[in-house]
Amino acid sequence: MDKAKLAVWKFASCDGCQLSLLDCEDELLQLADTVDIAYFKEASSREAEGPYDLSLVEGSITTAADRDRIREVRRQSRNLITIGACATAGGIQALRNFADVEEFTAVVYAEPQYIATLGTSTPISAHVSVDFELQGCPINKRQLLEVISAFLHRRPPQIPSHSVCIECKLRGNVCVWVAHGTPCMGPVTHAGCGAICPTYNRGCYGCYGPKENPNTGSLSHWWQRELGAEEATVVENLRNFNAGAPAFERESRRWTDRQSREGGHDKE
Ligand code: SF4
Ligand code: SF4
């Protein structure tokens, strides 16, 4: 029987999610017995032609050339899975969506006219249809293997969509919010990291993006009312690796819009 053809693609990203796949080591060798790793530039210079049975896509769309390239990747892929916060929410580079990218390039580059970039960083799903989104910054390698295995066996991936709080309780952690008054994004953040930050006595800062149906309005209300969190703290926590995820973006804009209306702060 022919092996399924796997391709791994990079767009605007730091490569950390591809490294999670390389980090699988023993499992990767087993995977290579099952699939033909046809295109994976981080691991090999081999470039087998498509079509591909399964494409894993890391990174966001920040240039016109990448906007065209992702359409071609989609055309060649039977199944397309996005991996990581960049690909599923636009990544940390989506902070540009809240500002003027021309102002940034003018400050950072001596010759900004040579910089060809879009004004926004957007997830892959904003441009093509996506068969599954695996959240995280970086992704969890066990979850990645589960997703690959599920697609190869034509079954739905078993990835829990509950919050980090559930993982935190399963680890038997003392809640840093309740015990120490530390702001924690755990109640609205997707599980997958194993509640690593609360386990080391610090608040979760939302690397895995929004959980299913997150109540971000309630979280930020209680951060301010119960913990006395500054508005800037609320906005900074909503605007990091998953700033462009709709649930986090909506809530952060609600806060900055209120600041503008009250006139006490700069617009963004
Ligand atoms: S999601 Fe995080 S780890 Fe993955 S490529 Fe983007 S910045 Fe890197
Ligand atoms: S420490 Fe954070 S993640 Fe853990 S239970 Fe408390 S709020 Fe939830």
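What you are looking at is a predicted structure, and each value in this text was computed from that prediction instead of being measured. (Residues numbered from 1 in each chain as written. Chains lettered and ligands numbered in written order. Predicted model: local features only at pLDDT ≥ 70, side-chain atom pairs only at ≥ 80, totals over all residues. Heavy atoms only, no water.)

A.B. asks: Even after reading the chapter, I still don't get the packing of helix α10 (residues 216-227) against helix α12 (residues 246-262), so can you show me in this structure?
C.D. replies: Between two packed helices, both the angle of their axes relative to each other and the distance between the axes serve to describe the pair. Two elements in contact, α10 and α12, have axes separated by 9 Å at closest approach and are oriented at 45 degrees. Classified by the interaxial angle, the pair formed by α10 and α12 is oblique. α10 and α12 meet at a crossing whose hand is right-handed. Between α10 and α12, the contacting residues are Thr216, Gly217, Ser220 and Gln224 on the first element and Ala247, Phe248, Glu251, Arg254, Trp255 and Arg258 on the second. (Axes fitted to C-alpha atoms, helices over the stretch in contact; angles between N-to-C directions. Helix = DSSP H or I, 4+ residues; strand = E, 2+ residues; numbered from the N terminus. Parallel < 35°, antiparallel > 145°, perpendicular 65-115°, else oblique. Left-handed = near helix turned anticlockwise from the far one by under 90°. Contact = heavy atoms within 4.5 Å.)

A.B. asks: Sorry, what's going on with the domain arrangement of the chain here?
C.D. replies: As a measure of interface size, the accessible area lost when the parts come together is often cited. By the assigned domains, the chain splits into domain 1 (4-153) and domain 2 (164-263). Every contact between the two is made by 15 residues of domain 1 and, on the other side, 17 residues of domain 2. Counting each side, the surface lost to burial between domain 1 and domain 2 is near 1200 Å², with a carbon and sulfur contribution of 56%. At the junction of domain 1 and domain 2, the tally comes to zero salt bridges. Here the residues of the side of domain 1 that touches domain 2 sort into nine nonpolar, six polar and no charged. (Domains from an automatic or database assignment. Buried area = accessible area lost by both parts, 1.4 Å probe. Salt bridge = Lys/Arg side-chain N within 4 Å of Asp/Glu carboxyl O. Nonpolar A, V, L, I, M, F, W, Y, C, P; charged D, E, K, R; others polar.)

A.B. asks: Looking at this structure, how should I read the pairing of strand β1 (residues 4-10)?
C.D. replies: The two faces of a sheet get side chains in turn, since along a regular strand they alternate between them. Taken across its seven residues, β1 has five buried, putting it largely inside the fold. Across five bridges, β1 lies against strand β2 (residues 35-40) in parallel orientation. Note on β2: the bridge partner recorded for Lys5 is Asp36. (Buried < 20%, exposed > 50% of the residue type's maximum accessible area, 1.4 Å probe, protein only. Pairing = 2+ DSSP bridges.)

A.B. asks: Looking at this model, I keep getting lost on the side chain of Glu251. Mind explaining?
C.D. replies: By secondary structure assignment, the location of Glu251 is in helix α12. Polar side-chain contacts of Glu251 include one of 2.8 Å to the side chain of Arg254. In this structure Glu251 touches Thr216, Gly217, Ser220 and Leu238, once residues within four positions along its chain are discounted. (Polar contact = N/O pair within 3.5 Å; in protein donor to acceptor, adjacent residues only side chain to side chain.)

A.B. asks: Can you help me understand the site of ligand 1 in this one?
C.D. replies: Within the structure, ligand 1 sits among Ser13, Cys14, Asp15, Gly16, Cys17, Glu58, Gly84, Ala85, Cys86, Gly136, Cys137 and Pro138. Elements with a contribution of two residues or more to the shell around ligand 1: α1 (16-22) and α4 (84-89). (Near = heavy atom within 4 Å.)

A.B. asks: Looking at this structure, I do not really get the sheet that holds β1. What am I missing?
C.D. replies: Pairing between the strands of a sheet is mediated by backbone hydrogen bonds and can be parallel or antiparallel. Spatially, β2-β1-β3-β4-β5 is the arrangement adopted by the five strands of the open sheet, whose pairing is parallel. Every other strand in the sheet has two partners, leaving β2 and β5 (132-134) as the edge strands with one partner each. Taken over all neighbouring pairs, the strand axes of this sheet differ in orientation by 25 degrees on average, direction set aside. Bridging between strand β4 (residues 77-83) and β5 involves three bridges; their strand directions are parallel.

A.B. asks: So what exactly am I meant to see when it comes to the environment of Leu219 here?
C.D. replies: Topologically, Leu219 is positioned in helix α10. The buried category is assigned to Leu219, whose relative accessible area is 6%. Once the C-alpha coordinates of Leu219 and Ser77 are considered, the two residues, 142 residues apart in sequence, prove to be 39 Å apart. Beyond its immediate stretch of four places on either side in the chain, Leu219 contacts Trp177, Cys184, Met185, Pro187 and Val188.

A.B. asks: Could you clarify how one ought to interpret the UniProt feature "domain: NADH:ubiquinone oxidoreductase-like 20kDa subunit" (unreviewed entry) in the chain in this entry?
C.D. replies: UniProt annotation of "domain: NADH:ubiquinone oxidoreductase-like 20kDa subunit" (unreviewed entry) refers to residues 14-150 when read in the numbering used here. This span, residues 14-150, is 39% helix and 17% strand, and a straight line between its end C-alpha atoms measures 26 Å. (UniProt positions renumbered as here; feature names shortened; annotations may be inferred.)

A.B. asks: Quick question: what am I supposed to make of the packing of α10 against helix α11 (residues 231-238) here?
C.D. replies: The N-to-C vectors of α10 and α11 enclose an angle of 145 degrees; their axes lie 10 Å apart at closest approach. Two packed elements cross with a definite hand, and for α10 against α11 that hand is right-handed. Facing α10, whose interface residues are Thr216, Ser220, Trp223 and Gln224, α11 presents Glu231, Thr233, Val234, Asn237 and Leu238. Residue composition of the contact of α10 with α11, by class: three nonpolar, five polar and one charged.

A.B. asks: Explanation requested: the site of ligand 2 in the structure shown.
C.D. replies: The environment of ligand 2 is formed by Val164, Cys165, Cys168, Lys169, Cys175, Val176, Cys184, Gly186, Pro187 and Pro198. Take the shell around ligand 2: its biggest share by element is four residues, from helix α7 (residues 164-170). Looking at side-chain class alone, the shell around ligand 2 contains eight nonpolar, one polar and one charged residues.

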